[in-house]
Every structure is written in C-alpha cells, then in structure tokens.
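Residue-level structure breakdown
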Amino acid sequence: MNAETPRKLVLTITVSYRSAAWTAKSLAALAGERARSRDLDVRALVVDNASGDTPELRRVIDANGWQDWVTLITAERNGGFAYGNNVALRHAYAQARVPDYFFLLNPDAEVCPGAIETLVTFLEQDPKAGMSASSIQEENGELWPWAFRFPSWASELEEGLGLGPVSRLLDNHTVRRKMGGEVAEQVDWFPGASMMMRRQLVDDIGGMDESYFLYFEETDYLRRAKEAGWTAWYVPQSRVKHCAGQSTGVTSRRDRPARLPGYWFESRRRYFAKNHGLPYAAAVDVAALTAYSLGAVKRALRGEHSIPHFLRDLLQHSVLRKENRTVAPTAQFKPGQGPTPARG
C-alpha cells in the first residue's frame, strides 16, 4: 500500500445491553485485530442501550488504554438492536471522516485472527457485494454452519410440520440453509452477530428499521438490500466465536425449547405484513397455525418437546386478529439526518 494512501477505516459497532463483561472480551479480541492489520484502521463504537452498563464499560476502556480507538455512547432508551445500530450510524456519519466499512458485531462475539480483513477483502473484489458475514464457531469449538433463506408460507409450513417427506419436498424453501466447505456462497440473509457492510450500501438504503425491537430486523434489511441490487455473502474463511443468545437468551442452546417473547411474534408479523402485505401475512399465519398444530401432535406422540405456548402466542399476535392489522411506518437512519441524542 502506498504510504500516502490512508488505510481503509472499519468501524465495529456493538450494541450492548447488560453485556458489559461480554463486550469487554469482544473488544479485547478486536485489539488483537488492530495490532495485526496493516491495511485497515479498525475502530469500535459501543452503544450502551440504556442498560446501566456505561460506567463499567468506561472503566474497562480506560483501564486497557483503548480510548484512542473505542468510542462509548449511551442511547437514550433501549430501542432494540436496529435502534442501537442506527444510533451508531448517525454518530459515525456526523464525523469528519465517515468509515469505509461498518462491521456489526454482537457483544457476545469475538473475532478470530484475520476475520475482519477477510470480510473487507472479499467485498473489495466485488463492487455489487454489499455485505459479507463470518462463519460462526460455538463455545465448544464446533462450527455453526448456517445461513438463511427469506421466510415464506412454504417455510412456515415445513417448519411447523417437521415431517421428513414434506421437508424434502420443500427443501429449497426452508429458512435454514446449511453452508459447506470453504467456498464463499451468496445467501439471502445471515445473523447480525458478524456482518460487514460497505459504506455505499448504507448511503443507498440507510440503516435498519427501528420498528423492529429484536429479530427479523436483519432479515428485513437484507431483503431491502437485495431489492436495491446488492448481494450478500457468507464467507467461511472469516470466523468469529459466538456464545449464542447471551445478550437476549432467546437463541441460547437448551435441552428444551423455551417460550418465545412477545417481541419475536411482533417482529415476525411485521416482517410478513410489511414486505408481503396483510393478505399474505394472514395466509402465512393460517399455514403456520395448521402446521404447528399437526406438528405438535406428532412431537407429542414421539415424546418430543414443542415450543411452549407457541400456538396461543402466535394467534394472539396474528394479523388474523383485527387489532393487529396496523403496520407501523419504517423508522430508520438515513445519511444526512442529524445525530440521535446520546450521552458520551
């Protein structure tokens, strides 16, 4: 690289909610990446989503001497994952130099050596690639080799029934898509645990939709990116260690499935109604209620466990109920807007 050419600026964005200890470990791994990288200027912006973690996070940053590359801001409220990331984007776009890349990283995720540079290098090779994501390594060292297709009525049917013949018939419609080998693959979407975004994509479509509190916001965002002509890639050569669900508890590994929180159903309903319309969302709910009812009988006969209260919760939040047919407008960051009020 020419000595006069500035290094690419990568801003890592971590939204923390009662995750100070995990965020500290994540920042320590980033410090190692900064030391290794010659071509990238890796910095971090941590958003405390009004959880009360700011004093502890400040103590960690100061104790390790990270003040020159870690910025800590406190959001005014806990508005969820999309909201916290938009707080960070507004702050970043208000600076003299806007980052070349934004790297969304969960507080319970730690980058492995070379993870960031690998994602940036991949995007540099394809101007239409808007986002790239790492492979995920679990706590026990095993690979979690999954990316996802956009959900549909067919995927709801397959997931609810859980029957082998139906699953094979709808194989190309299932949401979970197993990744294989060491070859990068174009996908519909991936979790926001480790997501690299080029600045031009954010310039084009803005930030995530804050009307989602948690879940489906990444799915919605990558759908918008695809509709705008951008592609998304799973890049297995980049790897992060992820302790799934430490921030929310919803996706943590359990012997038995846990009851899903109300905001999961709210986000699910919003995704289908916003992107496909109310009639489609209603059809999806009919398919899901029917499939999960039959699937629950099958699981009971086999001695397997279903998600507790799933059918009741799904119906309560369904667009089949008249009071659930209002779709809130999209709320998002767009370049050129002023910064969201936050405390440094």
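Residues numbered from 1 in each chain as written. Predicted model: local features only at pLDDT ≥ 70, side-chain atom pairs only at ≥ 80, totals over all residues. Heavy atoms only, no water.

**Points about the confidence of the model for the protein**
The line we're drawing: Each residue carries a pLDDT value, the predictor's own confidence for that position, ranging from 0 to 100. We call two residues contacting when some pair of their heavy atoms lies within 4.5 Å.
Confidence in the prediction for the protein averages 92 pLDDT; 93% of positions are at 70 or higher. A low-confidence stretch, residues 339-344 stays under pLDDT 50, and its non-local contacts, those more than four residues away or across chains, total 15 contacts.

**Remarks on the environment of Arg 199**
Definition in use: For the purposes of this entry, the term helix denotes a DSSP run of H or I that reaches at least four residues, the term strand denotes a run of E that reaches at least two, and both are numbered from the N terminus. Burial here depends on accessible area, computed with a 1.4 Å probe over protein chains only, as a share of the maximum for the residue type. Under 20% is buried, over 50% is exposed, and the range in between is partly exposed.
Within the secondary structure layout, Arg 199 lies in helix H7 (residues 199-205). Assessed through its relative accessible area of 31%, Arg 199 is described here as partly exposed. Sequence spacing of Arg 199 and Thr 5 is 194 residues, and the spatial spacing of their C-alpha atoms is 18 Å. Aside from chain neighbours lying at most four places away, what touches Arg 199 is Tyr 93, Val 98, Pro 99, Asp 100, Tyr 101 and Phe 102.

**Digging into the packing of helix H9 (residues 262-276) against helix H10 (residues 278-301)**
Inclusion rule: Axis definition: a line fitted to C-alpha atoms, over the contacting stretch in the case of helices. Angles run 0 to 180 degrees between N-to-C directions. Roughly parallel covers angles under 35 degrees, roughly antiparallel covers those over 145, roughly perpendicular covers 65 to 115, and oblique covers all other angles. Crossing handedness: left-handed means the near helix sits turned counterclockwise from the far one by under a right angle, and right-handed means the same turn made clockwise.
Where H9 contacts H10, the two axes come as close as 7 Å, and the packing angle between them is 135°. Classified by the angle their axes make, H9 and H10 are oblique. In this structure, H9 crosses over H10, and the sense of that crossing is right-handed. In this structure, H9 uses Arg 268, Phe 272, Ala 273 and His 276 to contact H10, whose residues at the interface are Leu 278, Tyr 280, Ala 281, Val 284, Asp 285 and Ala 288.

**Topic: the pairing of strand E1 (residues 8-16)**
Applied cut-off: At least two DSSP bridges between two strands are needed for those strands to be called paired.
Across the nine residues that make up E1, a large majority, eight, are buried. Summarising the sheet, E1 and strand E2 (residues 40-48) pair through nine bridges and their orientation is parallel. Along E2, the bridge assignment pairs Leu 11 with Arg 43. Taken together, the four bridges between E1 and strand E4 (residues 101-105) define a ladder with parallel strand orientation.

**Considerations on helix H8 (residues 217-227)**
Residues spaced three or four apart along an α-helix point in a common direction, a consequence of the helix completing one turn every 3.6 residues. Across the eleven residues that make up H8, a large majority, nine, are buried. Those residues of H8 that fall on the buried side of the exposure criterion are Glu 217, Glu 218, Thr 219, Asp 220, Tyr 221, Leu 222, Arg 223, Arg 224 and Ala 225. Looking at the buried positions of H8, the neighbouring elements they touch are helix H3 (81-93), strand E6 (129-137), strand E11 (194-198), H7, strand E12 (231-242) and H9. Of the residues trailing H8, Gly 229 is marked for its positive phi of about 100°.

**Topic: the pairing of E12**
With respect to burial, E12 is a largely interior element, nine of its twelve residues being buried. Pairing of strand E5 (residues 109-111) with E12 involves three bridges; the strand directions are antiparallel. Directly across from Val 111, in E12, lies its bridge partner Val 240. Here E6 pairs with E12 via eight bridges, running parallel. Following the sheet pairing, Gln 137 is matched in E12 by Lys 241. Looking at chain direction, strand E10 (residues 185-187) and E12 are connected through three bridges and run antiparallel. Across the sheet, the residue bridging to Gln 186 is Trp 233, located in E12.

**As for the pattern of salt bridges**
Test applied: Whenever a carboxyl oxygen of Asp or Glu lies within 4 Å of a side-chain nitrogen of Lys or Arg, that contact is scored as a salt bridge.
Scanning all chains against the criterion turns up 19 salt bridges. Close ionic contact of Glu 156 with Arg 268 constitutes a salt bridge, the shortest N to O distance being 2.8 Å. Of this pair, Glu 156 sits in helix H5 (residues 153-161) while Arg 268 sits in helix H9; the two residues are 112 residues apart in sequence, bridging distant segments of the chain. Assigned by exposure class, Glu 156 and Arg 268 land together as buried. Of the charged contacts in the structure, one is a salt bridge between Glu 185 and Arg 177, with a shortest N-O distance of 3.2 Å. Each of Asp 209, Asp 220, Arg 270 and Lys 274 takes part in a single network of salt bridges with overlapping partners.

**Observations regarding the environment of Asn 49**
Among the structural elements, Asn 49 can be located in the loop between E2 and helix H2 (54-63). Using a relative accessible area of 2% as the deciding quantity, one classes Asn 49 as buried. Separated by 112 residues in the primary sequence, Asn 49 and Leu 161 have C-alpha atoms spaced 37 Å apart. Not counting residues within four places of it along the chain, the set of residues in contact with Asn 49 comprises Val 15, Ser 16, Tyr 17, Ala 75, Arg 77, Asn 78, Gly 79, Gly 80, Tyr 83 and Gly 84.

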